[in-house]
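In case you want the letters, here they are:
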Amino acid sequence: MIIGLCAGLTTEAQTNDLPRTSPEAVGLKSEWVSAFFDSLMAYPKTEIHSCIVMRHGKVVGEMYPAPFRAEYPHTQFSCSKTFVAAAVGIAIGEKRLRLTDKLVSFFPDKLPNIVSWQLKSITVKDLLTMRSGFVVDTNMRNKSRQWVRDYLAHPMNAKPGTKFQYDSIDTYLLSAIIQKVTGMTVLDYLKQRVFRQLNIREVQWELSPEGITTGGWGLYIQSESLAKFGQLLLQRGKWHDQQLIPAEWVAAMMKRQTETGKGSGYGYQMWTCEYPTAMQANGSYGQFIIVVPKQDVVVIITQCTTNNTAREQAHIWNTLFRDIASQPLTPSDSWQQLKQRSWTLPLLEGEQTNQVLFNPKPRRNAPEPYQDKTFQLQKNPLGWSQLHFVADSLIEITDTAQRKGLVEMGYGKWKTTKVSFYPLDARYATVGRFNPIKPPFRIGACYAWKDDELQAKLHYVDWMSSVLLRIKFLGDKLEIVAKENYLNNPVNIIGTMM
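Residues numbered from 1 in each chain as written. Predicted model: local features only at pLDDT ≥ 70, side-chain atom pairs only at ≥ 80, totals over all residues. Heavy atoms only, no water.

Considerations on the overall build of the protein chain
For the protein chain, the count of helices and strands is 11 helices and 23 strands. Here the C-alpha radius of gyration of the protein chain, 24 Å, is about what a compact globule of 498 residues would show, namely 23 Å. Taken along the three principal axes of its C-alpha coordinates, the protein chain extends 80 × 70 × 40 Å. Taken across its 498 residues, the protein chain has 58% of its residues classed as buried. As presented, the protein chain carries roughly 20,500 Å² of accessible surface, and 47% of it is formed by carbon and sulfur atoms. For the protein chain, the distance from the average site of its 57 positive side-chain charges to the average site of its 45 negative ones is 5 Å. (Helix = DSSP H or I, 4+ residues; strand = E, 2+ residues; numbered from the N terminus. Rg over C-alpha atoms; globule rule 2.2 N^0.38 Å. Buried < 20%, exposed > 50% of the residue type's maximum accessible area, 1.4 Å probe, protein only. Areas by Shrake-Rupley, 256 points an atom, 1.4 Å probe, with all protein chains shown as cover. Lys, Arg positive; Asp, Glu negative; His and termini not counted. Charge placed at Lys NZ, Arg CZ, Asp CG, Glu CD.)

Here we look at the packing of aromatic side chains
The geometry of an aromatic ring pair is captured by the separation of the ring centres together with the interplanar angle, meaning the angle of the planes. Per the counting criterion, the structure on display carries 32 aromatic pairs. On the basis of an interplanar angle of 70 degrees and a centroid distance of 6.5 Å, the ring pair of Phe375 and Phe473 is categorised as edge-to-face. Of this pair, Phe375 sits in strand 14 (residues 373–377) while Phe473 sits in strand 21 (residues 466–474), placing them 98 residues apart in sequence. Taken together, the ring pairs connect Tyr220, Tyr422, Phe434, Phe441 and Trp463 into an aromatic cluster. The ring of Trp335 is capped by Lys339, whose NZ or CZ atom sits 4.0 Å from the centre of that ring. It is Arg427 that lies over the ring of Phe77; its NZ or CZ is 4.5 Å from the centre. (Phe/Tyr/Trp six-rings, centres within 6.5 Å; stacked < 30°, edge-to-face > 60°. Lys NZ or Arg CZ within 6 Å of the ring centre and 35° of its normal.)

Things to note about helix 6 (residues 168–182)
Its 15 residues give helix 6 an end-to-end C-alpha distance of 21 Å, which sits within 8% of 21 Å, the value for a rise of 1.5 Å per residue. In terms of burial, helix 6 is largely enclosed, as 13 of its 15 residues are buried. Looking at where helix 6 begins, the residue whose side-chain oxygen comes 3.0 Å from the main-chain nitrogen of Ile169 is Asp167. Gly183 lies just past helix 6 and shows a positive phi near 75 degrees. (Expected span 1.5 Å × (residues − 1). Polar contact = N/O pair within 3.5 Å; in protein donor to acceptor, adjacent residues only side chain to side chain.)

Overview of the packing of helix 1 (residues 30–42) against helix 10 (residues 310–320)
Their axes nearest at 10 Å, the elements helix 1 and helix 10 cross at an angle of 160 degrees. Between helix 1 and helix 10, the angle falls in the class roughly antiparallel. Between helix 1 and helix 10 lies a crossing of right-handed hand. The residues of helix 10 that touch helix 1, namely those facing Trp32, Val33, Ala35, Phe36, Ser39 and Leu40, are Glu312, His315, Ile316, Thr319 and Leu320. (Axes fitted to C-alpha atoms, helices over the stretch in contact; angles between N-to-C directions. Parallel < 35°, antiparallel > 145°, perpendicular 65-115°, else oblique. Left-handed = near helix turned anticlockwise from the far one by under 90°. Contact = heavy atoms within 4.5 Å.)

Thoughts on the sheet that holds strand 23 (residues 491–497)
The strand order 17-16-15-14-23-22-21-20-19-18 describes an open sheet built from 10 strands, whose pairing is antiparallel. Looking at the sheet topology across the chains shown, the edges are occupied by strand 17 (404–408) and strand 18 (415–419). Recorded for the sheet is a direction-independent mean angle of 30 degrees between the axes of neighbouring strands. Pairing geometry for strand 16 (residues 394–399) and strand 17, over five bridges, is antiparallel. Its bridge partner being in strand 17, Leu394 is matched across the sheet by Glu408. (Pairing = 2+ DSSP bridges.)

Notes on the confidence of the model for the protein chain
Residues with a pLDDT of 70 or more make up 95% of the protein chain, whose mean pLDDT is 93. Predicted confidence is poor over residues 1–11, with pLDDT under 50, and the contacts of this stretch with residues over four places away or in other chains come to 31 contacts. (pLDDT = per-residue confidence, 0-100.)

Some thoughts on the pairing of strand 15 (residues 384–391)
Consecutive side chains of a regular strand alternate in pointing toward one face of the sheet and then the other. Burial analysis of strand 15 places seven of its eight residues in the buried class, which makes it a mostly covered element. Inspection of the sheet shows strand 14 paired to strand 15 by four bridges, in the antiparallel sense. Across the sheet, Gln376 pairs through a bridge with Gln386, a residue of strand 15. The antiparallel hairpin formed by strand 14 and strand 15 contains six residues in its connecting segment, where Gly383 sits at a positive phi of about 75 degrees. Pairing analysis gives six bridges linking strand 15 to strand 16, with the strands arranged antiparallel. Across the sheet, His388 pairs through a bridge with Glu396, a residue of strand 16. Hairpin connection, strand 15 to strand 16: the antiparallel pair is bridged by two residues.

Description of the sheet that holds strand 5 (residues 219–221)
The strands making up a sheet are joined through hydrogen bonds of the backbone, oriented either antiparallel or parallel. On the basis of which strands lie adjacent, the open sheet formed by three strands has the order 3-5-4 and antiparallel pairing. Two strands bound the open sheet, and with one partner strand each, they are strand 3 (74–75) and strand 4 (203–205).

Overview of unusual backbone geometry
With an omega dihedral of 15 degrees, the bond running from Ala66 to Pro67 counts as a cis peptide bond. Among the secondary structure elements, Pro67 is positioned in the loop between strand 2 (58–63) and strand 3. Cis peptide bonds are those with omega within 30 degrees of zero, and the linkage from Asn435 to Pro436 qualifies with 5 degrees. For Pro436, the position within the fold is in the loop between strand 18 and strand 19 (441–450). Phi angles above zero are rare outside glycine, and Asp241 is one such case at about 65 degrees. You can see Asp241 is positioned in the loop between strand 6 (238–239) and strand 7 (242–243). Owing to a relative accessible area of 67%, Asp241 belongs among the exposed residues under this scheme. The backbone phi angle of Phe434 is positive, close to 80 degrees, even though this residue is not glycine. Residue position: Phe434 is located in the loop between strand 18 and strand 19.

Quick look at the side chain of His459
Here His459 is to be found in strand 20 (residues 453–460). In this structure His459 comes out as buried when scored by relative accessible area, which is 2%.

Some remarks on the environment of Gly261
Mapped onto the secondary structure, Gly261 falls in the loop between strand 8 (258–259) and strand 9 (265–266). Gly261 gets classed as exposed once you look at its relative accessible area, which sits at 76%.

A look at the pattern of salt bridges
The final tally for this structure, using the stated rule, is 17 salt bridges. Across the pair Arg433 and Asp425 runs a salt bridge, and its minimum N-O distance is 3.5 Å. According to the relative accessible area criterion, Arg433 is partly exposed, its value standing at 33%. Residue Asp425 is classed as buried on the basis of its relative accessible area of 5%. Among the charged side chains, a network of salt bridges with common partners joins Arg20, Glu62 and Glu224. (Salt bridge = Lys/Arg side-chain N within 4 Å of Asp/Glu carboxyl O.)

Here it is, written out as structure tokens:
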């Protein structure tokens, strides 16, 4: 089914833009969709942020576990690459570019003094299929401000076009090529050619120090917009009677172009799936756009996980696709139950307050209360310099740049507030990260006391990161154990009362 735009937008950007229907209307069962969502929530070391299931161009199920919401954008990792591949295909269709064009031809002013035959041989297709031959260097972007120049001078360990080596800078170079041949960043080019037509208005993308869209990562976008893009791929680039991406190019993107040596195949900036015809945009910490032409299905997942995500996809095939029907099923009351269901990320358990440590009028001989006290923190990975305890449910955080945020935490529920500092970032060392994405950001938070320990969980609900804090008050000092959701090991932080 080819879909266009649906009328009746909400006041929040681009939510409820796609048509909705019951699973039964498209040959699925509401119980299967509900069971699939439940299975996602049950994974260990996983925080699900959103999931959308579509069939025949319609949303049949979606969830945004509290404190996440449909309107919140989410940072993408390597899911971003698939959007770059689409831009390359559009440029090829406009005769701006060819698969056989050589990388060196676009950057004559950035070439090293000695240009090797390997470097001369790299084509656009080699970059698309991760077979450039460059030695993969994930640290270059953490120290260089001239990414194109420095990577063109980078060592090579394979003949271009012969060896699969997954490298985000291959995608960055494609982004730089698009900017060279169109005069626009990849983001602006896609805004003109794709996003505007899909009514994707709220979208950003990080820029390198050179002012080039990062390409291989850094797209900042809502989940429903990801679903639209997945549906566009499923429809071979056609949307509302417009051919936005050449159909033959989408077919090439979603075709196994090379073997990876790990049992999976790779197309043009997309991965194969175990299920026949299924392809995916796949990003670190479990961001997925899964497109299944055989079943006319699109599945979107955003999350943060440090676990193996292969089980999630197995649940798609085993739960959603079991006995999937080509015709509508009998309507069921289960759909109403599915629509009314809500999911919540785990809340902290414990007491609501500590009367001794947080009491503005302490009992005689009781310890000094910590309400309205400020602590200077030692240097730490969170990037925070001070914590000010307004109350046990209200903390003001100051970062090392003296940006502040008052975080309200719910007891037995999530509360969300805006803060003026940047979220915790798994790309913490990348030069120019967050540019041009600026605060404020939102934190969804809850808290509970266990004995004399204040525990707080803070989700950056419009990013991807969270932190669990365990805070012990020891006279004029704090001991904090902080566990970030994208790291396996906690960090210890000492704070001193000011």
